Amino acid sequence: DAYLSHQLSLDKLPLVHLYAQELGKRLQALFPSLLIPPPPTKPDLFTIDVDVPWRYLHKPWQIQLGGFVKDLLSGNWAQFQDRWKAYQTGNDPHDTFARIQEICPPDQTRFFFLLDHHSQHDSRFSWRTPALRSLIKALHQAGYGCGIHPSFTTCEHPDRLAEEVQ
């Protein structure tokens, strides 16, 4: 509710399509012979990039322990409590997949998963993580399209894309 786009209900509008239509009108004003095709009539397609599926859970134990220690040493008690609650209940605050499934129909939704860690900008969740594999499998079985979201350095190392797809 804090985002201005939400307060103005802009999150309910197809902004990219509206911008494209406005650009088309302005281009036609400059170039009257330019033909602008009508927008497609396909249903909306929701695409969801999954960089970090969980905030606390399902990470290697060393990372989990390091998070607790970091919270303690920095005096970040709220995050320590949030982290502890996630481990006690098994409910991670970033795990919004059930809610997404309530809102987004499978035939109109695609998830793109970041599957490997090649830089500081990538998730620490590898395709080898059992929980991530189970999540992808469950979404696929529920009818959702699943694909890969290339790692940050893939553009610098194109061979990584083939590895990540494999």
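Keep in mind that what you see is a predicted model, and the values were worked out from it rather than measured. (Residues numbered from 1 in each chain as written. Predicted model: local features only at pLDDT ≥ 70, side-chain atom pairs only at ≥ 80, totals over all residues. Heavy atoms only, no water.)

### Here's the deal with the pairing of strand E2 (residues 109-113)
Moving on, step 1. Side chains of E2 alternate between two faces, with Thr 109, Phe 111 and Phe 113 buried and Arg 110 and Phe 112 left unburied.
Moving on, step 2. Inspection of the sheet shows strand E1 (residues 46-50) paired to E2 by five bridges, in the parallel sense. Paired with Phe 46 across the strands is Thr 109, a residue of E2.
Moving on, step 3. Pairing between E2 and strand E3 (residues 145-148): four bridges, direction parallel. Each residue of the ladder has a partner; that of Arg 110, found in E3, is Gly 145. (Buried < 20%, exposed > 50% of the residue type's maximum accessible area, 1.4 Å probe, protein only. Helix = DSSP H or I, 4+ residues; strand = E, 2+ residues; numbered from the N terminus. Pairing = 2+ DSSP bridges.)

### Concerning the environment of Glu 163
Moving on, step 1. Inspection of the secondary structure assignment puts Glu 163 in helix H7 (residues 159-165).
Moving on, step 2. Residue classification places Glu 163 among the exposed positions, given a relative accessible area of 52%.

### Some words on the pattern of salt bridges
Moving on, step 1. Tallying each qualifying case throughout the model produces three salt bridges.
Moving on, step 2. Note that Glu 22 is salt-bridged to Arg 26, the shortest N-O span being 2.9 Å. With Glu 22 and Arg 26 both in helix H2 (residues 15-30) and four residues apart, the pair spans about one turn of that helix.
Moving on, step 3. Taking the relative accessible area as the measure of exposure, Arg 26 reaches 56% and is therefore exposed.
Moving on, step 4. With its nearest N and O atoms 2.8 Å apart, the salt bridge here joins Asp 71 to Arg 83. Of this pair, Asp 71 sits in helix H3 (residues 61-74) while Arg 83 sits in helix H4 (residues 77-89), and the two are 12 residues apart along the sequence. Grouping residues by exposure puts Asp 71 and Arg 83 together as buried. (Salt bridge = Lys/Arg side-chain N within 4 Å of Asp/Glu carboxyl O.)

### Comments concerning a nonpolar patch on the surface
Moving on, step 1. Where nonpolar side chains cluster on the molecular surface, the patch consists of Leu 23, Leu 27, Leu 30, Phe 31, Leu 34 and Ile 36 and spans about 550 Å² of accessible area.
Moving on, step 2. In this structure, Ile 36 sits in the loop between H2 and E1. (Patch = residues over 30% accessible without salt bridge, like charges linked within 9 Å, V, L, I, M, F, W, Y side chains within 5 Å. Areas by Shrake-Rupley, 256 points an atom, 1.4 Å probe, with all protein chains shown as cover.)

### Observations regarding the packing of aromatic side chains
Moving on, step 1. All chains considered together, the criterion is met by six aromatic pairs.
Moving on, step 2. With 5.3 Å between their ring centres and 70 degrees between their planes, Phe 68 and Phe 80 make a pair best called edge-to-face. Remark: Phe 80 occurs in helix H4 and Phe 68 occurs in helix H3; sequence separation between them is 12 residues.
Moving on, step 3. Its relative accessible area of 15% is what places Phe 68 among the buried residues.
Moving on, step 4. Between Phe 68 and Tyr 87 the ring centres are 5.4 Å apart and the planes differ by 40 degrees, which places this aromatic pair in the tilted class. (Phe/Tyr/Trp six-rings, centres within 6.5 Å; stacked < 30°, edge-to-face > 60°.)

### Observations regarding H4
Moving on, step 1. For H4, built from 13 residues, the straight-helix expectation of 18 Å at 1.5 Å per residue is met to within 8% by its first-to-last C-alpha distance of 18 Å.
Moving on, step 2. Backbone geometry just after H4 places Gly 90 at a positive phi near 80 degrees. (Expected span 1.5 Å × (residues − 1).)

### Quick look at the nonpolar core
Moving on, step 1. One finds Phe 111, Phe 113, Leu 132, Leu 135 and Leu 139 to be the most contacted residues of the largest nonpolar core, which totals 15 residues.
Moving on, step 2. Among the elements of the structure, E1, helix H5 (97-103), E2 and helix H6 (130-141) are those that each provide at least two residues to this core.
Moving on, step 3. Sorting elements by how many residues they give to this core places H6 first, with four residues.
Moving on, step 4. Beyond its immediate chain neighbours, meaning those up to four positions away, Phe 113 contacts Val 50, Leu 132, Leu 135, Ile 136, Leu 139, Cys 146, Gly 147, Ile 148 and His 149. (Core = buried A, V, L, I, M, F, W, Y, C linked by side-chain atoms within 4.5 Å. Contact = heavy atoms within 4.5 Å.)

### Considerations on the packing of H3 against H4
Moving on, step 1. Closest axis-to-axis distance for the H3/H4 pair is 8 Å, and the angle between their directions is 150 degrees. One element, H3, and the other, H4, form an angle in the roughly antiparallel class. The two elements H3 and H4 cross, and the hand of that crossing is left-handed. Listed contacts from H4 to Gln 64, Gly 67, Phe 68, Asp 71 and Leu 72 of H3 are Trp 77, Gln 79, Phe 80, Arg 83, Trp 84 and Tyr 87.
Moving on, step 2. When the residues that make up the contact of H3 with H4 are grouped by side-chain class, the tally is six nonpolar, three polar and two charged. (Axes fitted to C-alpha atoms, helices over the stretch in contact; angles between N-to-C directions. Parallel < 35°, antiparallel > 145°, perpendicular 65-115°, else oblique. Left-handed = near helix turned anticlockwise from the far one by under 90°. Nonpolar A, V, L, I, M, F, W, Y, C, P; charged D, E, K, R; others polar.)

What is shown is where atoms sit, not what they do.
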